[in-house]
Amino acid sequence: MDVILVLVAYFILINLAGFLLMGIDKWKARKQAFRIPEATLFTVAVIGGSIGSILGMFTFHHKTRHWYFLYGMPAILLLQIGLFFLLQYLPVTFEIM
């Protein structure tokens, strides 16, 4: 299986998870049920689901009043974009045996 295909599949799945977690947590907040911890929401964003988390945040109007989500999620995304470009232009090549 091609490495790029695996990375794209991971990227899609983790962003879908971030989006769904925001929606589920909003639904639980309305029902006053046991909530998803904020650390879990941030962890999913850090491991690659920042776009899905941001989209879920604004789609479901969830956590938009919390400054650490409003500024933290885009900051995570910017760091991930910077890391991506840094890895693209490093003079090091990665080979899989």
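We now turn to the structure provided with this report. These figures come from a predicted structure and were not determined experimentally.

1. What about the overall build of the chain?
When you go through the chain residue by residue, the secondary structure sums to three helices and zero strands. Seen through its principal axes, the chain has C-alpha atoms that stretch 50 × 30 × 20 Å. Split by element, the accessible area of the chain, about 7,300 Å² in all, is 74% carbon and sulfur. Of the side chains in the chain, 7 bear a positive and 4 a negative charge, and the two mean positions are spaced by 25 Å.

2. Quick word on the pattern of salt bridges
Tallying each qualifying case throughout the model produces two salt bridges. The salt bridge involving Glu 38 is made with Lys 63; its shortest N-O contact spans 3.0 Å. In this pair, Glu 38 is assigned in helix α2 (residues 38-59) and Lys 63 in the loop between α2 and α3 (67-89), connecting sequence segments 25 residues apart. Judged by relative accessible area, which is 28%, Glu 38 ranks as partly exposed.

3. Considerations on the packing of aromatic side chains
Following the criterion strictly, the structure yields five aromatic pairs and no others. Among the aromatic residues, ring-to-ring pairing joins Phe 42, Trp 67, Tyr 68 and Phe 69 into one connected group.

4. Description of the nonpolar core
In terms of nonpolar packing, the biggest core is built from nine residues, these being Met 22, Ile 36, Leu 41, Ala 45, Ile 54, Met 57, Phe 69, Met 73 and Ile 76. If you list the elements that add at least two residues to this core, you get α2 and α3. Here the element with the most residues in this core is α2; it accounts for four residues.

5. What to know about the packing of α2 against α3
The contact between α2 and α3 brings their axes to 9 Å, and the two run at 100 degrees. Accordingly, the angle class assigned to the pair α2 and α3 is roughly perpendicular. Split by residue class, the contact of α2 with α3 holds 16 nonpolar, five polar and one charged.

6. A few points about the side chain of Asp 25
In this fold, Asp 25 is placed in helix α1 (residues 3-31). Take Asp 25: its relative accessible area is 0%, and that puts it in the buried class. With sequence-adjacent residues up to four places away left out, Asp 25 is seen in contact with Arg 35, Ile 36, Leu 41, His 62 and Lys 63.

7. Some details on α3
Compared with an ideal rise of 1.5 Å per residue, which puts 23 residues at 33 Å, α3 spans 33 Å between its outermost C-alpha atoms and is within 8% of the ideal. Within the sequence span of α3, burial applies to Phe 69, Gly 72, Met 73 and Ile 76. Where α3 is buried, its residues meet α1 and α2.

Reading the values: the criteria
Residues numbered from 1 in each chain as written. Predicted model: local features only at pLDDT ≥ 70, side-chain atom pairs only at ≥ 80, totals over all residues. Heavy atoms only, no water. Helix = DSSP H or I, 4+ residues; strand = E, 2+ residues; numbered from the N terminus. Areas by Shrake-Rupley, 256 points an atom, 1.4 Å probe, with all protein chains shown as cover. Lys, Arg positive; Asp, Glu negative; His and termini not counted. Charge placed at Lys NZ, Arg CZ, Asp CG, Glu CD. Salt bridge = Lys/Arg side-chain N within 4 Å of Asp/Glu carboxyl O. Buried < 20%, exposed > 50% of the residue type's maximum accessible area, 1.4 Å probe, protein only. Phe/Tyr/Trp six-rings, centres within 6.5 Å; stacked < 30°, edge-to-face > 60°. Core = buried A, V, L, I, M, F, W, Y, C linked by side-chain atoms within 4.5 Å. Axes fitted to C-alpha atoms, helices over the stretch in contact; angles between N-to-C directions. Parallel < 35°, antiparallel > 145°, perpendicular 65-115°, else oblique. Nonpolar A, V, L, I, M, F, W, Y, C, P; charged D, E, K, R; others polar. Contact = heavy atoms within 4.5 Å. Expected span 1.5 Å × (residues − 1).

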